Amino acid sequence: MTASLASPSFEFDTIIKNARIVTASEVYEHISAIGIKDGVIQAIATSLPATSSTLVVDAEGAYVTPGGIDSHVHLHQDNAPSGDKWLSGSRSALAGGNTTILAFATQEHKNDTLFPVLEEYHGRARDQCYIDYGFHVILTKPNPTILEHELPKLAAEGGISSVKLYMTYPGKKLDDGSMLNIMMATRELGMTTMIHAENSDMIDLVTKKLLEHQRTSPYYHALARPQIAESEATHRAIALATLTSAPILLVHMSTPVALTHARKAQSKELLPVHAETCPHYLYLTSQQLASTTNIHQDEHGHVHEDEDEWAGAKHICAPPLRHDESDLQSLWDAVNNGTITVISSDHAPTCYDDVTGKKKPVEAAKARGDGSKPTFAATPNGLPGIETRLPLLFHAATSPDMRPERRISLPKFVAVTATNAAKLYGMAGKKGSIAPGYDADITVWYPESDARGKTRIGNKMLHHAIDYTPFEGMEVCNWPRKTFLRGRLVWDRDIELKDGYGKGLLGGPGDGQWLSRSRGQVLVGRVGQTPAGMKVGEREEWGLKV
């Protein structure tokens, strides 16, 4: 792709030269230069003229991709007091090559209106974010005022084009009737409805039975949330969306059968059902929950192992890590066949060694002093992963050591880590691609010949505020070398490696801008399909505008 300059005297603020540009549709055939002016990509050509005031960055023939968009992160949440807040979470995202994050503003049951909730979350994020950001709204109490008056105002004026619903968790889960009412409202507003699909009653029953039989260690978390709980809820969520003709995104999918439901809805029924997964479901199994060893690296890179019977709790998340390598393979297959639309981190961490974190049940048992065992059921859910998401997936796209059946293409990498999220969540034309007119949100990787790209992941190198990473010791073939946010160089790993931890963060917590998002796009299927057994026009008869 080549864009001509506006005039021979056109000056660029920054030129990235010798770049192998990757978009969601192609790897550019020719080594290119990217011209940036006023934070926006102005031109792409084989070469571009620089002036004395132009910052010229040599990519040295390395791949250059859009800045990552992590569209599912939890920051400064009340239920995670030891978790990342916006400052630490966004700097970690930046060091991992991301330029945009979408986090959650949670309506609690005590909240009868959304506006104070959103103002509270705006206050938490304002001037605390290294990169651009936006919110999804978690709805837990969808009263008529919210559905009929507040959501329309948010969609039209508030710059929020997505909501999230839970089918599990006390205090958050919604019944089918509430979900249907929300879907009818979001459908008419063009908002994307995100759904955490697990059958709450199944989970409660199995958890109760496990605890009755003294199955309390972290490993039993994976048994307490069986695959059928996800697959049943997924099927039900798709049925509700089919009735209301509402586009949905099924978040953090982890099971083969649930993915089959999504694939059938997309391909055979042409329904607007989108699917998301996360790197931990692609790389890790439930065996991690059985661990009794803490693995960590010191400042010299030496690996140490300490015995700790509760160490498996570091890997507790929901849905849980699945048991078999075939489960992981089903997810890789779903990425490659297009079933999975986006890959997010679901960064929802709490510290491990903290009385409010993963060791909460251990500390509570000590405090009781009655000899009772700590239990997985009292352990906070969630894993850190905001900084490791892009390197783990770039490894799958470029490493010759990756198993052939688990490789993805570079355009697929860009699609699932940036472009699709931009389209789905109302940022198309501005974020998620490298093209003239787009924000100059750009990540430069290391050339394949540069040994500095090869990285063994260790928590000490990461920039979050959490005391562990579930990917400790894993090796990836590359790491984001430089990242530009709206044309400004804000991360330089060469400086980090030379001058020490944190020195590569060239930006600051006030750099991130609030993103007012427009209506999202449907990326799979079609809105308005008439389900089998329903006559054309039936929805209009009961009041839904299609």
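That block above? That's the structure.
In this text, all values refer to a predicted model and were calculated from it rather than measured experimentally.

(A) Expanded view of the overall build of the protein chain. From N to C terminus, the protein chain includes 15 helices and 20 strands. Relative to the compact-globule value of 24 Å for 546 residues, the protein chain shows a C-alpha radius of gyration of 23 Å, a close match. For the C-alpha atoms alone, the extent of the protein chain along its principal axes is close to 75 × 65 × 45 Å. The 546 residues of the protein chain split such that 59% are buried. A total of about 21,100 Å² of accessible surface is found on the protein chain, and carbon and sulfur atoms cover 50% of it. Distance from the positive charge centre (55 side chains) to the negative charge centre (64 side chains) of the protein chain: 2 Å.

(B) Representation of the layout of surface pockets within the structure. Computed from the structure, the largest pocket encloses a volume of approximately 980 Å³. Lining of the largest pocket is provided by 46 residues; of these, Asn79, Tyr169, Thr379, Pro380 and Asn381 occupy positions nearest its centre. Contributions of two or more residues to the lining of the largest pocket are made by strand S9 (162-166), helix H5 (200-212) and helix H6 (220-224). Considered class by class, the residues forming the lining of the largest pocket number 18 nonpolar, 19 polar and nine charged. Approximately 450 Å³ is the volume attributed to the second largest pocket. Broken down by class, the residue content of the lining of the second largest pocket amounts to eight nonpolar, nine polar and seven charged.

(C) Broad picture of the packing of helix H4 (residues 176-189) against helix H7 (residues 227-244). Contact geometry of H4 with H7 gives a least axis separation of 9 Å together with a crossing angle of 45 degrees. Taken as axis vectors, H4 and H7 run oblique relative to one another. The hand of the H4/H7 crossing is right-handed. For the pair formed by H4 and H7, the contact residues are Asp176, Met179, Leu180, Met183, Met184 and Arg187 on the first element and Arg236, Ala237, Leu240, Ala241, Leu243 and Thr244 on the second.

(D) Region of interest: empty space enclosed by the protein. Applying the stated criterion across every chain, the model contains three cavities of 30 Å³ or more. Its boundaries defined by the atoms lining it, the largest cavity holds a volume of some 60 Å³. Forming the walls of the largest cavity are Ala241, Thr242, Ser245, Ala246, Leu271, Pro272, Val273, Arg526, Gly528, Gln529 and Arg539. Of the residues belonging to the lining of the largest cavity, the class tally is five nonpolar, four polar and two charged.

(E) Focus on the state of the cysteines. With the rule as written, the count across this model stands at zero disulfides. Cysteine cysteine 129 remains unbridged, with the sulfur of cysteine 351 as its closest cysteine sulfur at 19 Å. Residue classification places cysteine 129 among the buried positions, given a relative accessible area of 1%. Cysteine cysteine 278 shares no disulfide, and the gap to the nearest cysteine sulfur, in cysteine 317, comes to 8.1 Å.

(F) Structural detail: helix H3 (residues 144-158). Of all the bends in H3, the greatest reaches close to 35 degrees and is centred on glutamate 150; the proline proline 152 follows between one and four positions later. Every buried residue of H3 is accounted for by Ile146, Leu147, Glu150, Leu151 and Leu154. Packing partners of the buried residues in H3 comprise helix H2 (115-125), strand S8 (132-138), S9 and H4. Two or three places before threonine 145, at the opening of H3, asparagine 143 has a side-chain oxygen 3.2 Å from that residue's backbone nitrogen. Just beyond H3, the residue with positive phi is glycine 159, at close to 70 degrees.

(G) Quick peek at the packing of helix H12 (residues 389-398) against helix H13 (residues 410-424). Packing of H12 against H13 brings their axes to within 8 Å, and their N-to-C directions diverge by 155 degrees. In terms of their interaxial angle, H12 and H13 are classed as roughly antiparallel. For the crossing formed where H12 meets H13, the hand is right-handed. Side by side, H12 and H13 meet where Arg389, Leu390, Leu393, Phe394, Ala397 and Thr398 of the first sit next to Leu410, Phe413, Val416 and Thr417 of the second. Here the residues of the contact of H12 with H13 sort into seven nonpolar, two polar and one charged.

(H) Highlighting the environment of cysteine 278. If you trace the backbone, cysteine 278 turns up in the loop between strand S12 (273-277) and helix H9 (279-283). When the C-alpha positions of cysteine 278 and histidine 72 are compared, they lie 9.4 Å apart, and in sequence the two are 206 residues distant.

(I) Main features of the packing of aromatic side chains. A full pass over the atoms with the stated rule returns 13 aromatic pairs. A centroid spacing of 6.5 Å and a plane angle of 75 degrees characterise the contact between tyrosine 121 and phenylalanine 135, whose relative ring orientation is edge-to-face. Remark: phenylalanine 135 occurs in strand S8 and tyrosine 121 occurs in helix H2; sequence separation between them is 14 residues. Across the pair, phenylalanine 135 and tyrosine 121 agree in class, each one buried. An angle of 55 degrees between the planes, with centres 5.1 Å apart, marks the rings of phenylalanine 135 and tryptophan 514 as tilted. With phenylalanine 135 in strand S8 and tryptophan 514 in the loop between helix H14 (493-499) and helix H15 (538-541), the pair connects residues that are 379 residues apart, well separated along the chain. Every member of this aromatic cluster is reached through a ring pair, and the members are Trp86, Tyr121, Tyr133, Phe135 and Trp514. The ring of tyrosine 121 has arginine 124 lying over it, and the distance from NZ or CZ to the ring centre is 4.5 Å.

What counts, and at which threshold
Residues numbered from 1 in each chain as written. Predicted model: local features only at pLDDT ≥ 70, side-chain atom pairs only at ≥ 80, totals over all residues. Heavy atoms only, no water. Helix = DSSP H or I, 4+ residues; strand = E, 2+ residues; numbered from the N terminus. Rg over C-alpha atoms; globule rule 2.2 N^0.38 Å. Buried < 20%, exposed > 50% of the residue type's maximum accessible area, 1.4 Å probe, protein only. Areas by Shrake-Rupley, 256 points an atom, 1.4 Å probe, with all protein chains shown as cover. Lys, Arg positive; Asp, Glu negative; His and termini not counted. Charge placed at Lys NZ, Arg CZ, Asp CG, Glu CD. 1 Å grid on protein atoms, 1.4 Å probe; cavity = no way out; pocket = protein on both sides within 12 Å on 5 of 7 lines; lining within 4 Å. Points joined across faces, edges and corners; volume = space filled by probe spheres on them. Nonpolar A, V, L, I, M, F, W, Y, C, P; charged D, E, K, R; others polar. Axes fitted to C-alpha atoms, helices over the stretch in contact; angles between N-to-C directions. Parallel < 35°, antiparallel > 145°, perpendicular 65-115°, else oblique. Left-handed = near helix turned anticlockwise from the far one by under 90°. Contact = heavy atoms within 4.5 Å. Disulfide = S-S within 2.5 Å. Bend = angle between axes of the 7 residues up to and from the residue. Polar contact = N/O pair within 3.5 Å; in protein donor to acceptor, adjacent residues only side chain to side chain. Phe/Tyr/Trp six-rings, centres within 6.5 Å; stacked < 30°, edge-to-face > 60°. Lys NZ or Arg CZ within 6 Å of the ring centre and 35° of its normal.

By themselves, these are just geometric observations and shouldn't be taken as functional.
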